[in-house]
Amino acid sequence: KENLNVGTRINGSVNQTNNGIIEKYCYNDDTANCTTYGGLYQWAEAVQYQNGATNTTLTSPSLTGNVQGICPTGWHMPTYAEFQTLGTTVSNNSNALKAVGQGTEMGAGTNTSGFSALLAGDRYSAGGFQGLGGYAWFWSSTENGATTAVSMYLYDIGSNIGFPNYNKVLGFSVRCAKDF
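Residues numbered from 1 in each chain as written. Predicted model: local features only at pLDDT ≥ 70, side-chain atom pairs only at ≥ 80, totals over all residues. Heavy atoms only, no water.

## Here we look at the packing of aromatic side chains
Here the structure, examined in full by the defined rule, presents twelve aromatic pairs. A ring pair is formed by Y135 and W137, whose centres lie 6.0 Å apart and whose planes are at 70°; its orientation type is edge-to-face. Here the aromatic residues Y135, W137, W139, Y153, Y155, Y166 and F172 are joined through ring pairs into a cluster of three or more. The residue whose ring lies beneath R175 is F115, and the NZ or CZ to ring-centre distance is 4.2 Å. (Phe/Tyr/Trp six-rings, centres within 6.5 Å; stacked < 30°, edge-to-face > 60°. Lys NZ or Arg CZ within 6 Å of the ring centre and 35° of its normal.)

Structure (structure tokens):
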């Protein structure tokens, strides 16, 4: 029911590294934004470098099953298939996933699902931030190439849910799914 907020804040101008410390970005390097919107994470950090994960190579072996990553014990990063199921459950209407007060007019959140998505924006590859209040991107544990992974997006306008592949170096939000 919330965007994950774990780890130590680092500046958006540097990449997260496999150093034994969970690192996060806070929008505009402001910790108050992490408190409200959760942290932003590069893909390899989000999956905690499991199976040699990096933002520039495929994992070996490929990630399968529940990938805990930075999620707490008993939880995991959703797969692309789990995100698709979530979309189907809400008739692919992102307003049902967005918290009340998130989005505008025809894209206003109703939160009928209880997902309570906050439009946290992202950290782009050059190290800056964009889109706070305008959209949210959530990493899945599913790779789609050496430098891309599947994400789920929600925009402030309209009610579409998308599942594009994006560059792993981008800083996106993380939601965790309960293990079964």
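## Details of the pairing of strand β5 (residues 129–132)
Examined bridge by bridge, strand β4 (residues 120–123) and β5 share three bridges and lie antiparallel to one another. Looking at β5, one finds that D122 is bridged to Q130. (Pairing = 2+ DSSP bridges. Helix = DSSP H or I, 4+ residues; strand = E, 2+ residues; numbered from the N terminus.)

## Details of the state of the cysteines
Here the structure, examined in full by the defined rule, presents two disulfides. With a sulfur-sulfur separation of 2.0 Å, C26 is cross-linked through a disulfide to C34. Across the S-S bond linking C26 and C34, the dihedral sits near -110°, which makes this disulfide left-handed. An identical accessibility class is assigned to C26 and C34; each is buried. Residue C71 pairs covalently with C176 via a disulfide, S to S 2.2 Å. Residues C71 and C176 share a disulfide whose torsion about the S-S bond is about -90°; that sign makes it left-handed. One end of the pair, C71, is in the loop between α2 (43–46) and β3 (75–76); the other, C176, is in the loop between β9 (165–167) and β10 (177–178), and 105 residues separate them in sequence. What connects to what in the protein chain, once the bonded cysteines are numbered by sequence position, is 1-2, 3-4. (Disulfide = S-S within 2.5 Å. Buried < 20%, exposed > 50% of the residue type's maximum accessible area, 1.4 Å probe, protein only.)

## Description of the side chain of E23
Checked against the element boundaries, E23 lands in strand β2 (residues 23–24). Comment: no salt bridge for buried E23; closest opposite-charge side chain is R123, at 9.9 Å. Contact partners of E23, with chain neighbours within four places excluded, come to T8, I10, Q16, T17, Y41 and E45. (Lys, Arg positive; Asp, Glu negative; His and termini not counted. Salt bridge = Lys/Arg side-chain N within 4 Å of Asp/Glu carboxyl O. Contact = heavy atoms within 4.5 Å.)

## Describing the environment of F129
With respect to the helices, strands and loops of the structure, F129 is situated in strand β5. As a C-alpha pair, F129 and M106 span 23 residues in sequence and 25 Å in three-dimensional space. If sequence neighbours within four positions are ignored, F129 has contacts with G12, Y25, C26, Y27, N28, D29, L40, D122, R123 and Y124.

Purely spatial values, then, with no claim about function.
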